[in-house]
Structures are given as C-alpha cells and as structure tokens.
Amino acid sequence: WRVRFDPKFGGPARLDFPTLTDWRERPEIRHYSGKAIYETRFDAPKEVNTLSLGRVANAASVRLNGRDLGTVWSAPWTVRIPKGLLRPKGNVLQVTVANLWVNRLIGDAGLPAEKRITKTTWSPFRPDSELQPSGLLGPVTLMRKDP
C-alpha cells in the first residue's frame, strides 16, 4: 500500500505500508489527524461483488478504478462492486481514511505553543493520554455476496 498524507497536518507526503497497520505503531504518524489516501493495485476474479475493508478508524471513502463506491463509517465496513467494474488485471483501489482529532491534540499537548499544529482554547488531553486507533486496519478482502 502506498499512503499519502497531508504535510500541513503533520504527516509525511507519502509512506509505504507493506502491511496495514494502525498509525499509532508508526512514530512518524502516530499523532497525525486528518485524511490519508491509501492506494494499491491488484488482480481479481470477476466473481466477486463486495469489497470488505476489514476495520477502519474512523471513516473511509472508496474508489475502485476511478469510480466512487461510497463512504463507510461503521461495521461491516463493506461496499458493493458494480457489475463490470472489476477487471481481471490492473485494478486500482483508493481508500481515503479520516481519523479523529484526538491524536493530534495529544501530540500537540507535549509541544510548545508555537510548534503546535492545532489551535484550541482548551483540550482535555495530556502528552501521556491514550492515542486512539487510526487508519485502514484491514484486512481488505474481495468476496462474493448474494444480492
């Protein structure tokens, strides 16, 4: 997976994820809050009609081969694949994930005011507050579901 972040919100421009992992496990993005775009290419059989994202923290919009398949924000984290959209080879999947603001507030709590990314009049978070799960956690799978 190739993942693009917004540097204006404290993320690197791009990271590669050999496997899907929680952003909390990656030091360079553990306090990132905002959107990230995951992209991968894959080959698939035509018999599938559903894409499962596994688990997402906290919301995701899905594009397959340039077509918007919708937004998911709760279990079961699945979208239907329209007939004829999936190709045997060279499919491009983009999943835009947005997480909560909490992790950025926690990260900023440990920084001097002039280095903080967020601006708020009050935050209940401290530098040692528990970070919340973030990102596309997976597993991402293709499946056949009866209509």
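Keep in mind the model is a prediction, meaning the values are calculated, not measured. (Residues numbered from 1 in each chain as written. Predicted model: local features only at pLDDT ≥ 70, side-chain atom pairs only at ≥ 80, totals over all residues. Heavy atoms only, no water.)

Core analysis: the largest hydrophobic core is formed by 30 residues, its most contacted members being F5, Y38 and L53. Counting residues per element, the ones that place at least two in this core are β1 (2-5), β3 (35-42), β6 (59-64), β7 (67-72) and β9 (91-98). Residues within four places of F5 in sequence aside, it is in contact with G11, P12, A13, L15, F17, W23, I29, Y32, K35 and A36. (Core = buried A, V, L, I, M, F, W, Y, C linked by side-chain atoms within 4.5 Å. Buried < 20%, exposed > 50% of the residue type's maximum accessible area, 1.4 Å probe, protein only. Helix = DSSP H or I, 4+ residues; strand = E, 2+ residues; numbered from the N terminus. Contact = heavy atoms within 4.5 Å.)

Moving on, we come to the sheet that holds strand β8 (residues 78-80). Ordered in space as β8-β4-β11, the three strands form an open sheet in which the pairing is antiparallel. Whereas interior strands pair on both sides, the edge strands pair on one side only; in this sheet they are β8 and β11 (141-143). Within the sheet, the average angular offset between the axes of one strand and its neighbour, ignoring direction, is 25 degrees. Bridge analysis of strand β4 (residues 50-52) against β11 gives three bridges, and the strand direction is antiparallel. Considered in β11, the bridge of L51 is made with L142. (Pairing = 2+ DSSP bridges. Axes fitted to C-alpha atoms, helices over the stretch in contact; angles between N-to-C directions.)

So, about the side chain of N103. Inspection of the secondary structure puts N103 in helix α1 (residues 102-109). Residue N103 is classed as buried on the basis of its relative accessible area, which comes to 2%. Sequence-distant contacts of N103, that is, excluding residues within four places in its chain, are made with R24, R30, H31, Y32, S33, L131, Q132 and S134.

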